[in-house]
Amino acid sequence: MQRARRPTPTRVRLAGRALNATIARAPWLWPVLRAPMQRFFDGSARGWDERTGAGSVDHLAPLAAAVTRVPNHPERVLDIGTGTGEAALFLAREYPRAGVRGVDISEEMIRAARTKVGLDPEGRIAFKRADAAALPYADESFDLVAQLNMPPFFAEIARVLRPAGHAIVASSWGEATPFYTPAAVLERGFRRRGIEPIATDRAGAGSYWVGRLAAPG
Ligand SMILES: C[S@@+](CC[C@H](N)C(=O)[O-])C[C@H]1O[C@@H](n2cnc3c(N)ncnc32)[C@H](O)[C@@H]1O
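Predicted model only: the values in this text are computed from it and were never measured.

A few words now on helix α6 (residues 107-114). What α6 keeps buried is the set M109, I110 and A113. Along the axis of α6, the buried positions cluster into a sector of 100°, meaning they face one direction only. Lining the buried residues of α6 we find α2 (30-44), α3 (48-52), β2 (99-104) and β3 (125-129).

Structure, rendered in structure tokens:
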């Protein structure tokens, strides 16, 4: 179903951009921001899809374009800041043999995401409340780590990626997305952790960045 998105109020967009820039450049400030962020998204979960157009073609277009730049089919996929789970569900459809995990700091968002899984006897898709700053996964757990409209926690993404794994950071509405990170900031943050850029582009109203973790040898 195509959902119409309501425009983001300017004050929300500006606050989101400021928060996003702080997390990307000064992640040590995250402990101060965590509780208000969680409260805000717990309070936003009800009616999120209808208000934001989550799950619509516009919402998913940059993620859909980004996966075409990932050369191999991943077996283990993580969606960080999954919200109501639409990006994780898209990735599960895109990679029908992959195990897909979606994490979010908001219990209410996770509750909404879980209602969408339906019958999944093999437990292929699962949602869990977790903080992107301290992911509950062992090192090298995923072949693909994606995030849509979510600030980047570079160190944790690099830690849970397998060697030669891919990272995707996508924004549904490009610079107009509250949690938007410019490509130059992504490149700097990821390069420091051994993730080299392989593609960045616009898609629909949004944009994406794809990187690859170096493989040993
Ligand atoms: C703008 S919403 C995007 C949700 C979803 N990806 C989408 O595009 O509809 C950002 C999401 O990131 C989550 N989030 C923010 N900081 C987080 C963190 N440190 N760890 C996990 N989730 C976080 C919020 O709770 C919220 O659900």
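The subject of this paragraph is helix α4 (residues 57-67). Across the 11 residues that make up α4, a large majority, 8, are buried. What α4 keeps buried is the set H59, L60, A61, P62, L63, A65, A66 and V67. Buried residues along α4 sit in contact with α5 (86-94), β4 (142-148), β5 (161-171), β6 (195-203) and β7 (206-213).

Turning to the packing of aromatic side chains, a few remarks are in order. Applying the stated criterion across every chain yields a total of 7 aromatic pairs. Ring geometry for W30 versus F153: centroids 5.3 Å apart, planes at 75°, classification edge-to-face. Highlighted residues: W30 in helix α2 and F153 in the loop between β4 and α7 (154-160), separated in sequence by 123 residues. An identical accessibility class is assigned to W30 and F153; each is buried. Judged by centre distance (5.9 Å) and plane angle (65°), the ring pair of F41 and W48 falls under edge-to-face. Put simply, the rings of F40, F41, W48 and F179 touch in pairs and so form one group of aromatic residues.

This part is about the pattern of salt bridges. Taken as a whole, this structure holds 10 salt bridges when the rule is applied. Between R162 and D143 there is a salt bridge; the shortest N-O distance is 3.1 Å. Remark: D143 occurs in strand β4 and R162 occurs in strand β5; sequence separation between them is 19 residues. Given the relative accessible area of 26%, R162 is considered partly exposed. Here R191 makes a salt bridge to E187, at a shortest N to O gap of 2.5 Å. Here E187 and R191 lie together in helix α8 (residues 183-191), a separation of 4 residues that amounts to about one turn.

Phi is positive for E140, which is not a glycine, with a value near 60°. Unlike most non-glycine residues, A164 shows phi in positive territory, near 70°. Mapped onto the secondary structure, A164 falls in strand β5. Taking the relative accessible area as the measure of exposure, A164 reaches 22% and is therefore partly exposed.

Here the focus is the site of the ligand. Around the ligand, the surrounding shell holds 20 residues, and the nearest of these are H59, G81, D104, A132 and L148. Residue W48 places a side-chain N or O atom 3.4 Å away from an oxygen atom belonging to the ligand. Residue D131 places a side-chain N or O atom 2.9 Å away from a nitrogen atom belonging to the ligand. When the free accessible area of the ligand is taken as 590 Å², the share hidden by the protein chains comes to 96%. Looking at side-chain class alone, the shell around the ligand contains 12 nonpolar, 6 polar and 2 charged residues.

Moving on, we come to the packing of helix α1 (residues 10-25) against α2. A pair of packed helices is captured by two measures, namely the crossing angle of their axes and the spacing between those axes. Contact geometry of α1 with α2 gives a least axis separation of 11 Å together with a crossing angle of 145°. Where α1 crosses over α2, the handedness of that crossing is left-handed. Across the interface between the two elements, L19, T22 and I23 of α1 pack against W30, L33 and M37 of α2. Within the contact of α1 with α2, the residues separate by chemical class into 5 nonpolar, 1 polar and no charged.

Each value, and the rule that gives it
Residues numbered from 1 in each chain as written. Predicted model: local features only at pLDDT ≥ 70, side-chain atom pairs only at ≥ 80, totals over all residues. Heavy atoms only, no water. Buried < 20%, exposed > 50% of the residue type's maximum accessible area, 1.4 Å probe, protein only. Helix = DSSP H or I, 4+ residues; strand = E, 2+ residues; numbered from the N terminus. Arc of directions from axis to C-beta. Contact = heavy atoms within 4.5 Å. Phe/Tyr/Trp six-rings, centres within 6.5 Å; stacked < 30°, edge-to-face > 60°. Salt bridge = Lys/Arg side-chain N within 4 Å of Asp/Glu carboxyl O. Near = heavy atom within 4 Å. Polar contact = N/O pair within 3.5 Å; in protein donor to acceptor, adjacent residues only side chain to side chain. Areas by Shrake-Rupley, 256 points an atom, 1.4 Å probe, with all protein chains shown as cover. Nonpolar A, V, L, I, M, F, W, Y, C, P; charged D, E, K, R; others polar. Axes fitted to C-alpha atoms, helices over the stretch in contact; angles between N-to-C directions. Left-handed = near helix turned anticlockwise from the far one by under 90°.

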